[in-house]
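One letter stands for each residue in the lines below.
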Amino acid sequence: MDLPGPLQSLAASAEPLVLRARRSAETLAGLDSDPVPAGYTGTRLGVCNLCEAICGLEFTFENGNVKSVRGNAEDPLSRGHICPKGVALVDVYNDPDRLRRPVRRVGSGAHARWVEISWDEAFDRVAEGLAGVSNTHGRNSVGVYLGNPSVHSLGAATHGIEMLRVLRSRNRFSATSVDQLPHQFVAWQLYGHQLLIPVPDIDRTNYLLVFGANPMASNGSLWTVPDFPGRLRELRQRGGKMVVFDPRRTETAKAATEHHFVRPGTDALVLLAMLNVLFTEGLTRPARYVRGIKRVQTLVADFTPEFAERMSGVRADVIRQVTREFAESDAAVAYGRIGVSTQSFGSLCQWAIQCLNILTGNLDRPGGAMFPEPAIDVVKRGLLGRGHFGKYTSRVRKLPEFAGELPVAAMAEEIDTPGDGQIRALFTVSGNPVSSTPDGRRLDDALSQLDFMASVDIYINETTRHADVILPPTTALERDQYDLAFHVFGTRNTARFTPAMFGKEPGTMHDWEIFRDLGVRLEKRMATRMPLKQRLIWEARLRISPSVLIAALLAAGRRTSMRALRDTPQGVDLGPLQPTLPKRLMTKGQTITLAQPLITDDLTRLRETFAEAAPDGLMLIGRRHQRDCNSWLHNTDRLTRGQARHRLLMNPGDLAARGLSDGQQVQVSSRVGSVVIEVSATDDMMPGVVSLPHGYGHQGEGIRLSRAGKLPGVSINDLTDPARVDLSGNAALSAVPVQVVAV
Ligand SMILES: Nc1nc2c(c(=O)[nH]1)N[C@H]1C(S)=C(S)[C@@H](COP(=O)(O)OP(=O)(O)OC[C@H]3O[C@@H](n4cnc5c(=O)[nH]c(N)nc54)[C@H](O)[C@@H]3O)O[C@H]1N2
Ligand SMILES: Nc1nc2c(c(=O)[nH]1)N[C@H]1C(S)=C(S)[C@@H](COP(=O)(O)OP(=O)(O)OC[C@H]3O[C@@H](n4cnc5c(=O)[nH]c(N)nc54)[C@H](O)[C@@H]3O)O[C@H]1N2
Ligand code: SF4
Ligand SMILES: [Mo]
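Residues numbered from 1 in each chain as written. Chains lettered and ligands numbered in written order. Predicted model: local features only at pLDDT ≥ 70, side-chain atom pairs only at ≥ 80, totals over all residues. Heavy atoms only, no water.

Draft legend 1. Broad picture of the overall build of the protein. For the protein, the helix and strand inventory stands at 27 helices and 30 strands. Relative to the 2.2 N^0.38 estimate, which gives 27 Å for 743 residues, the radius of gyration of the protein is 25 Å and therefore close to what a compact globule would have. A principal-axis box enclosing the C-alpha atoms of the protein has dimensions of 65 × 60 × 55 Å. A buried classification covers 63% of the 743 residues belonging to the protein. If you take every contact in the protein between residues at least 6 apart in sequence, the share linking residues at least 24 apart comes to 76%. Within the structure as shown, the protein displays about 25500 Å² of accessible surface, and the carbon and sulfur contribution to it stands at 49%. Counting 87 positive and 79 negative side-chain charges, the protein places the centres of these two groups 4 Å from one another. (Helix = DSSP H or I, 4+ residues; strand = E, 2+ residues; numbered from the N terminus. Rg over C-alpha atoms; globule rule 2.2 N^0.38 Å. Buried < 20%, exposed > 50% of the residue type's maximum accessible area, 1.4 Å probe, protein only. Contact = heavy atoms within 4.5 Å. Areas by Shrake-Rupley, 256 points an atom, 1.4 Å probe, with all protein chains shown as cover. Lys, Arg positive; Asp, Glu negative; His and termini not counted. Charge placed at Lys NZ, Arg CZ, Asp CG, Glu CD.)

As structure tokens, this is what we get:
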């Protein structure tokens, strides 16, 4: 998950709160961290920010060195859970390949050299580079890309977006549009706010229906559910079921009561058929604040289970049976993630999933889909915009913005297509779009044509290798953390503040300090300056540390306080999720109108797409492994031991049909490119579907990101196609038509 866009106005809106907050003892309580002293022996609580599970950890030190890392059993949310990545936080901290000082690139391509420079020089170069291009070519000539970890760092959330205001560019992109944009789009339409996204109440449900998610490996997404395996075990112990629809028999599918293969990209038909069954069998029981039910009934009338079966491979009787069981369960919840977000009909899928919960009366009830109430409620306090769509479009392909961001599938063409408004400078923050967005090759080429590029990142990766200057911040264990984003999706209401474990090394900077200092220098160089009064307030805001902001926001939220969080470092338990509707709805009249034309008009495109025969030929999907972390952490021994994980998975029947054998090198080609990779035969793949992990393919000058003699692998996004997008603008990374042949 990735949420930089929505957090954009956070720091701005928090400002009045900060001014209002009395400088009480409580506000000050959070300010002085006390890092472990040199030679420390003992334990300290920490937190993992690598995925959305936000596990609480316990570190044991001996003579100043970390001896072991465990899950903190006292943490009311994560309950002692940890995965192998949590331990790797220490590897990141100690990694000799990690950047600790700003570097400047001298020369390019094979001749590139990186030279350490002072912060002072680095800020001046970046400010001059960005302002220079903006002043000469117009404000949209500077593009911005925010990657996933910017949501996992408090300082990036509070200060990053604030700083970027200076640029006033429409060419803003983030990982949101290769991820959860359809969720935000549907939440905005149904519930009135892009982040009013309900989560499965797994601790009380009896029926968990999962489409296109693999929480056994990913630990949940848009759903903060640490210890998913333990919670699933409890669900099954109390007689509950989990039913999974996925083209691969994943770790989650294997732990499920039932698993059904579904042909990639056809889920919308299966989900609409489920709605159809609800109506034809009289299984609906929506809450009284739900509108537009009849209209939905009409819209789904022709989406029969038989039609869905022909296209998806899921048997009609299975669709009927699952729907009945779901509707008849006393507490059921449907959930869909990456597999059904990053496909051509991602928004329709997410809409149908919401409808399934709403129409069966499972929205807002224990064991169903519920809205968390975080201690800092970014939605309720109006700290974030509700969302808007299509206020402007991208220059080349006219793709619509959502909430102030353009689809990243359009980023490369905005850089390499000449004309007025062309992107000539780029600023990236904790991202690797060459590896994580469709047609990474084209973007790689495009980046080398930029007049100027700067990145805030701790590594030289496939993307940042093109930067003129890289500004590296401190890492997770060196900074204070309060999770602004992921408490919003917690499967239980909790709050936790974790002070930095290690002191900042001399000569290094926190991300929020980088944004502060760069922001001020950049603003000074912009041809259009901020009005004086606005500038003074803005600068003052940038000078407030993230932890002070958090203290003020907690005080204003009144559910807990910084003092309480300091006294309870394992986290404060605010209890199980509670029903909050219709009060919580931010729609007109606090009702939910199901039939939203902006979404349901896409049914026409869906009908057209599947008017002919069922899709045939091979389709490519992605995957995640428990020890992978998007495109990074491949340089730690701990996470790369054992068998290489970056192989193409393929059903044995599909291999045989092509005269291929297990372990052979094959060429995989799509409309946009081709890669050569070892193939692995497995019955876990649905016939007709192949799978590659994303985040591999570390290549390019200066990159030292893969370890242990492993092949760097190939990038799945050298095959994915930027022309394929959902209604919301989200990239359709799944269900890519490919050919596989021997090399
Ligand atoms: N085909 C395919 N493509 C996908 C996906 C898929 O499933 N299939 N998944 C998509 C999804 S869900 C996502 S979220 C994106 C992720 O894509 P991106 O957000 O573009 O990239 P990441 O791989 O997360 O890269 C994170 C970068 O941040 C750096 N970093 C780590 N910690 C910090 C920090 O504290 N501060 C700073 N400044 N930098 C830091 C790392 O060094 C790394 O370079 O990929 C997407 N791409
Ligand atoms: N270990 C680990 N954990 C992570 C990450 C990581 O890189 N590694 N990344 C984090 C991030 S940024 C995110 S966004 C989350 C993602 O969290 P998840 O969505 O749970 O992660 P994925 O493993 O990508 O699961 C997507 C599933 O969709 C299936 N799928 C693909 N196409 C289709 C389709 O057309 N239909 C259906 N029904 N299924 C399909 C795939 O087989 C896969 O099992 O994970 C987070 N957690
Ligand atoms: S599940 Fe693993 S990566 Fe995710 S927060 Fe917990 S320890 Fe970190
Ligand atoms: Mo993500």
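Draft legend 2. Up close: unusual backbone geometry. Following L581, the chain continues into P582 via a peptide bond in cis, with omega recorded as 0°. Note on placement: P582 falls in the loop between strand 23 (572-573) and strand 24 (592-593). The phi torsion at D364 lies on the positive side, around 65°, for a residue other than glycine. Position of D364 among the secondary structure elements: in the loop between helix 16 (346-359) and strand 14 (369-370). Residue class for D364 comes out buried when judged on its relative accessible area of 8%. Its identity is not glycine, yet A403 carries a phi of approximately 50°, on the positive side. As for its placement among the helices and strands, A403 is situated in the loop between strand 16 (400-402) and helix 17 (411-416). We classify A403 as buried; its relative accessible area is 8%.

Draft legend 3. Looking closely at the side chain of D95. Among the structural elements, D95 can be located in the loop between helix 3 (84-94) and strand 4 (103-106). Of the residues examined, D95 reaches a relative accessible area of 5% and is grouped as buried. Within the local environment of D95, its side chain forms a polar contact with the backbone nitrogen of D97, the two atoms lying 2.8 Å apart. In contact with D95, other than residues within four places in its own chain, are R100, Y459 and N635. (Polar contact = N/O pair within 3.5 Å; in protein donor to acceptor, adjacent residues only side chain to side chain.)

Draft legend 4. Representation of the packing of helix 7 (residues 181-191) against helix 16 in the model. One can describe the packing of helix 7 onto helix 16 by two numbers: an axis separation of 8 Å at closest approach and a directional angle of 50°. Relative to helix 16, the element helix 7 lies oblique. Viewed along their axes, helix 7 and helix 16 form a crossing whose handedness is right-handed. In this structure, helix 7 uses P182, H183, F185, V186, L190 and Y191 to contact helix 16, whose residues at the interface are G346, S347, Q350, W351, Q354 and I358. Residues that form the contact of helix 7 with helix 16 fall into these classes: seven nonpolar, five polar and no charged. (Axes fitted to C-alpha atoms, helices over the stretch in contact; angles between N-to-C directions. Parallel < 35°, antiparallel > 145°, perpendicular 65-115°, else oblique. Left-handed = near helix turned anticlockwise from the far one by under 90°. Nonpolar A, V, L, I, M, F, W, Y, C, P; charged D, E, K, R; others polar.)

Draft legend 5. The arrangement of the packing of aromatic side chains in detail. Considering all chains together, one arrives at 15 aromatic pairs under this definition. Geometrically, the ring pair formed by Y40 and F61 is edge-to-face, given 5.6 Å between the ring centres and 65° between the ring planes. On the criterion of sequence distance, the pair formed by Y40 in the loop between helix 2 (25-29) and strand 1 (42-47) and F61 in strand 2 (residues 56-62) is long-range, its members being 21 residues apart. Taking relative accessible area as the criterion, F61 reaches 1% and is therefore assigned buried. Consider the rings of Y93 and F502, whose centres lie 4.0 Å apart with planes at 5°: the pair is stacked. (Phe/Tyr/Trp six-rings, centres within 6.5 Å; stacked < 30°, edge-to-face > 60°.)

Draft legend 6. Structural detail: the domain arrangement of the protein. The domain architecture assigned to the protein consists of domain 1 (10-98 + 481-512 + 537-573), domain 2 (103-180 + 378-476), domain 3 (199-370 + 588-600) and domain 4 (615-742). Summarising the inter-unit geometry, the C-alpha centres of domain 1 and domain 3 are found 35 Å apart. Between domain 1 and domain 3, the residue contacts involve 14 residues of the former and 19 residues of the latter. At the boundary of domain 1 and domain 3, one finds two salt bridges. Note that D227 and R79 form a salt bridge whose closest N and O atoms lie 3.0 Å from each other. Our count for the contact surface shared by domain 1 and domain 3 stands at twelve residue pairs in polar contact (both at pLDDT 80 or more). (Domains from an automatic or database assignment. Salt bridge = Lys/Arg side-chain N within 4 Å of Asp/Glu carboxyl O.)

Draft legend 7. The sheet that holds strand 3 (residues 65-71), seen in detail. With respect to topology, three strands assemble into an open sheet ordered 1-2-3, the strand pairing being antiparallel. The open sheet has two edge strands with one neighbour each: strand 1 and strand 3. Adjacent strand axes in the sheet meet at a mean angle of 30°, parallel and antiparallel pairs treated alike. Bridging between strand 1 and strand 2 involves six bridges; their strand directions are antiparallel. (Pairing = 2+ DSSP bridges.)

Draft legend 8. Inspection of the sheet that holds strand 5 (residues 113-116) at higher detail. Within the open sheet, the seven strands sit side by side as 5-4-19-18-17-6-7. Their pairing is mixed. Single-partner strands in this sheet number two, and they are strand 5 and strand 7 (172-174). Taken pair by pair, the neighbouring strands of this sheet meet at an average axis angle of 20°, ignoring direction. Bridge count for strand 18 (residues 452-456) against strand 19 (residues 469-471) is three bridges, and the pairing is parallel. Counted as the bridge partner of V456 is L471 from strand 19. In the packing of helix 4 (residues 119-137) onto the sheet, contacts are made with strand 4, strand 6 (142-146), strand 17 (425-429), strand 18 and strand 19, and the angle to strand 19 comes to roughly 120°.

Draft legend 9. Looking closely at the site of ligand 3. Surveying the vicinity of ligand 3 reveals the residues C48, L50, C51, A53, I54, C55, H81, C83, K85, G86 and N219. Within the shell around ligand 3, the residues separate by chemical class into seven nonpolar, three polar and one charged. (Near = heavy atom within 4 Å.)

Draft legend 10. Spotlight on the pattern of salt bridges. Counted according to the given criterion, the structure contains 43 salt bridges. For R79, the salt bridge is made with E234, and the minimal N-O distance between the two is 3.3 Å. Of this pair, R79 sits in the loop between strand 3 and helix 3 while E234 sits in helix 9 (residues 228-237), and the two are 155 residues apart along the sequence. The exposure class assigned to E234 is partly exposed, which follows from its relative accessible area of 33%.

Draft legend 11. Representation of the nonpolar core within the structure. Residues L209, F245, W351 and Y482 are the most contacted members of the largest nonpolar core, which totals 115 residues. The dominant element in this core, judged by the number of residues it contributes, is helix 11 (residues 267-280), at ten residues. Leave out the neighbours within four places in its chain, and L209 touches V243, F245, M274, V322, F326, V333, A334, Y335 and L356. The next biggest cluster of nonpolar side chains, apart from the first, holds 35 residues, and it includes V429, A454, V456 and M526. (Core = buried A, V, L, I, M, F, W, Y, C linked by side-chain atoms within 4.5 Å.)

Draft legend 12. Structural view of helix 7. In terms of burial, helix 7 is largely enclosed, as eleven of its eleven residues are buried. The set of residues buried in helix 7 consists of L181, P182, H183, Q184, F185, V186, A187, W188, Q189, L190 and Y191. Positive backbone phi, approximately 90°, marks G192, located one or two places after helix 7.

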